[in-house]
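Working through the structure, step by step
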Amino acid sequence: RRGRRLQPPGAVRRRGDPVLKRVLGLVAIALAALAAWPVWASRAAASDPLAAVTPAPLRDDATIRAKTIAFEESRLRGDADDQLTPRMLSAEYLQRYRERGDVGDVRRAEAAARRSLRVQPRGNGAALRALASAQLTLHRFREALATTHAARAEAPDDPSAAMSEASLEMELGDYAAARALIARFGGGSNEATEVVASRYAELTGDLPRARALLERASRRADAIYGIPNERRAWFHARLGELAFAGGDADAALREEKTALERFPDDVQALTDTARFDAALGNWSGARDAAARAVALTPSPENLGLLADAQDRIGDGTGIGGQAARQRAADATRDEIVAVERLGNAQHLVDRLLALYYADHGTRLGDAYAIARGELAVRDDVFAEDTLAWTAARAGRWDTARVASRRATAWNTADARIWYHAGVIAEHDGDTRAALADYRHALALNPHFQAVFADDARARAQRLEAQTAR
């Protein structure tokens, strides 16, 4: 989150300053838009004012951001002692990365934040928070946590900084520390606290609370003119993921559709749509959504979904039979290997690569090695689950058993974790635990993943028949 834009100590704002003119201009535009926008829909939800708020108008974010970055870059070139502009630029670069997917923007954001800190190393908490955001985006979680600690040292009672720390603690698997921070600082009703508290609820098995908190945060974000369209879409994409985790596929697809209405180039919303459609057997919808996602930013997940769809229904051209479908799918899978070798220098998709290889029973040694490396970067329940699943698929059952216990320790509301745990328990001969895990996975979401949900159902039925004898 962007911090307050403070002037350097002793600075005096001059009359006619172009920054001030720009701010006043943006305020005038916002007021003009808001004048035509009703902030309430009815009086029906007086007990919950957020339920009555309607979404704010969407902006032309790409044009505004391009002009803002160009202006701030030109301003920065003329003042080596300016600590405010690079801090502002850091936030703009990061947001442009979220919208366009160019990792170079994250590096530019990090460099800009560090430049601001060189000019003003103390009393510059906003630059520290900007630096931590860049480090987090680059999956340098421990560096980001250290930077956040430095920011909190300057503002120990700042709830948003505390929530940033709690979020990072969850990425690193320290859920007790996250819980303590949420209990102390998460009592306020605002976007930051609700998002972090929602994530904690999801990771600790309270999916209804996770959805309710995120729904409130989403309404707040949707109601504010000026919040980036991509950010507003993010909330709906996450709401879709939580709905799907709870087995509500219709709500999940509606939320992803809303996300794409807010920001049509939202790669995660497209990938989620493809995943949900594939799990429901709608391979045509899965192929179309995955193809759109791949065209924007190819990842192991959306490429894998596209290849799976091509295996089943072809590439959409209507040309050729099984052989043509296989060629199209193989070509797409070759791109996954290319992503690993050429497009993953920052190791931002390691977890996705490991899971893709494990799910498809290919390159299992590589999948296991990638999962081990990922665990050194962050040790959350999903890293443990990735290690457990890749180890199981590679026949490393001792490692799989230990990692699975850690992955399920917090009762996380993700059916895939419980399915993996069931496979591992069944291999160990623990029929009771395996059956409980399969049942729990299917109770969370009976169509949690293409192929594996059916496998969980078949395994559960077989174990039920065995225990009935």
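Residues numbered from 1 in each chain as written. Predicted model: local features only at pLDDT ≥ 70, side-chain atom pairs only at ≥ 80, totals over all residues. Heavy atoms only, no water.

1. With respect to the overall build of the protein chain
Helix and strand counts for the protein chain stand at 23 helices and 0 strands. Within the protein chain, the proportion of its 469 residues that are buried is 50%. Of all intrachain contacts in the protein chain linking residues separated by at least 6 positions in sequence, the fraction that spans at least 24 positions is 59%. (Helix = DSSP H or I, 4+ residues; strand = E, 2+ residues; numbered from the N terminus. Buried < 20%, exposed > 50% of the residue type's maximum accessible area, 1.4 Å probe, protein only. Contact = heavy atoms within 4.5 Å.)

2. A few points about the pattern of salt bridges
Tallied over the entire structure, the rule returns 42 salt bridges. Salt-bridge contacts for Glu92 lead to Arg65; the nearest nitrogen and oxygen are separated by 2.9 Å. With Glu92 in helix 3 (residues 84-100) and Arg65 in helix 2 (residues 61-77), this residue pair connects regions lying 27 residues apart in the sequence. On the basis of relative accessible area, Arg65 is assigned to the buried category, the value being 6%. Arg462 is paired through a salt bridge with Glu426; the nearest N and O atoms lie 2.7 Å apart. Linking Arg462 in helix 23 (residues 452-468) with Glu426 in helix 21 (residues 415-427), this pair joins segments that are 36 residues apart in sequence. The network of salt bridges with shared partners includes Glu171, Arg351, Glu374, Arg378 and Asp380. (Salt bridge = Lys/Arg side-chain N within 4 Å of Asp/Glu carboxyl O.)

3. Regarding the packing of helix 14 (residues 283-296) against helix 15 (residues 300-313)
The description of two packed helices rests on the angle between their axes and on the distance between the axes. At a minimum axis separation of 8 Å, helix 14 and helix 15 run at an interaxial angle of 140°. Between helix 14 and helix 15, the angle falls in the class oblique. Of the two elements, helix 14 crosses helix 15, and the hand of that crossing is left-handed. Counting all contacts with helix 14, which are made through Trp283, Ser284, Arg287, Ala290, Ala291, Ala293 and Val294, the residues of helix 15 involved are Asn302, Leu303, Leu305, Leu306, Asp308, Ala309, Arg312 and Ile313. Looking at the contact of helix 14 with helix 15, its residues break down into 10 nonpolar, 2 polar and 3 charged. (Axes fitted to C-alpha atoms, helices over the stretch in contact; angles between N-to-C directions. Parallel < 35°, antiparallel > 145°, perpendicular 65-115°, else oblique. Left-handed = near helix turned anticlockwise from the far one by under 90°. Nonpolar A, V, L, I, M, F, W, Y, C, P; charged D, E, K, R; others polar.)

4. Describing the packing of aromatic side chains
Counted by the stated rule, this structure contains 9 aromatic pairs. Sitting over the ring of Trp234, Arg231 keeps its end group 4.7 Å from the ring centre. (Phe/Tyr/Trp six-rings, centres within 6.5 Å; stacked < 30°, edge-to-face > 60°. Lys NZ or Arg CZ within 6 Å of the ring centre and 35° of its normal.)

5. Overview of the side chain of Thr193
Within the secondary structure layout, Thr193 lies in helix 9 (residues 191-203). The buried category is assigned to Thr193, whose relative accessible area is 3%. With near-sequence residues (within four places) excluded, Thr193 lies in contact with Met163, Phe185, Gly186 and Gly188.

6. Things to note about the confidence of the model for the protein chain
For the protein chain, per-residue confidence averages 88 on the pLDDT scale, and residues scoring 70 or more make up 87% of the total. In the predicted structure, residues 1-46 sits below a pLDDT of 50 and forms 58 contacts with residues beyond four places in sequence or in another chain. (pLDDT = per-residue confidence, 0-100.)

7. A short note on helix 20 (residues 397-407)
For helix 20, the full list of buried residues reads Ala400, Ala403, Ser404 and Ala407. Down the axis of helix 20, the buried set is contained in an arc of 105°. They therefore lie on one face. Across helix 20 from its buried face, at more than 90 degrees, point the exposed residues Asp398 and Arg405. The secondary structure elements touched by the buried residues of helix 20 are helix 19 (381-393) and helix 21. (Arc of directions from axis to C-beta.)

8. Describing helix 2
With 17 residues, helix 2 should reach 24 Å at 1.5 Å per residue; the first-to-last C-alpha distance of 24 Å fits that figure. Within the span of helix 2, buried status applies to Asp61, Arg65, Thr68, Ile69, Glu72 and Leu76. The arc that holds every buried residue of helix 2, seen down its axis, measures 100°, which confines them to one face. Residues Lys67 and Arg77 are exposed on helix 2 and point more than 90 degrees away from its buried face. (Expected span 1.5 Å × (residues − 1).)

9. A few points about the environment of Ala291
Along the chain, Ala291 falls in helix 14. For Ala291, a relative accessible area of 35% translates into the label partly exposed.

10. Topic: unusual backbone geometry
For Arg363, which is not glycine, the phi dihedral falls at a positive 50°. Its place among the elements puts Arg363 in the loop between helix 17 (350-359) and helix 18 (364-377). For Asn411, which is not glycine, the phi torsion reads 60° and is therefore positive. Within the secondary structure, Asn411 sits in the loop between helix 20 and helix 21. You can call Asn411 partly exposed: its relative accessible area is 36%.

11. Focus on the nonpolar core
Met170, Ile182, Tyr419, Tyr438 and Phe448 are the most contacted members of the largest nonpolar core, which totals 50 residues. Among all residues touching Ile182, those that are not within four sequence positions of it are Met163, Ala166, Gly187, Val196, Ala197 and Tyr200. (Core = buried A, V, L, I, M, F, W, Y, C linked by side-chain atoms within 4.5 Å.)

12. What about the packing of helix 6 (residues 141-154) against helix 7 (residues 159-171)?
Contact pair helix 6 / helix 7: the axes reach a minimum separation of 10 Å and the direction vectors enclose 160°. In terms of orientation, helix 6 lies roughly antiparallel with respect to helix 7. Between helix 6 and helix 7 lies a crossing whose hand is left-handed. Here Phe141, Ala144, Leu145, Thr148, His149 and Arg152 of helix 6 come into contact with helix 7, specifically with Ala161, Ala162, Ser164, Glu165, Leu168, Glu169 and Glu171. Tallied by class, residues from the contact of helix 6 with helix 7 come to 6 nonpolar, 3 polar and 4 charged.

13. What to know about the environment of Ala212
Structurally, Ala212 can be placed in helix 10 (residues 207-223). Under the relative-accessibility criterion, Ala212 is labelled partly exposed at 44%. Along the sequence, Ala212 and Leu239 sit 27 residues apart, while their C-alpha atoms lie 9.4 Å from each other.

14. Focus on the environment of Gln95
As for its placement among the helices and strands, Gln95 is situated in helix 3. For Gln95, a relative accessible area of 8% corresponds to the buried category. Sequence spacing of Gln95 and Arg231 is 136 residues, and the spatial spacing of their C-alpha atoms is 8.7 Å. Setting aside chain neighbours within four positions, we find Gln95 in contact with Arg65, Pro228 and Glu230. Within the local environment of Gln95, its side chain forms a polar contact with the side chain of Glu230, the two groups lying 2.8 Å apart. (Polar contact = N/O pair within 3.5 Å; in protein donor to acceptor, adjacent residues only side chain to side chain.)

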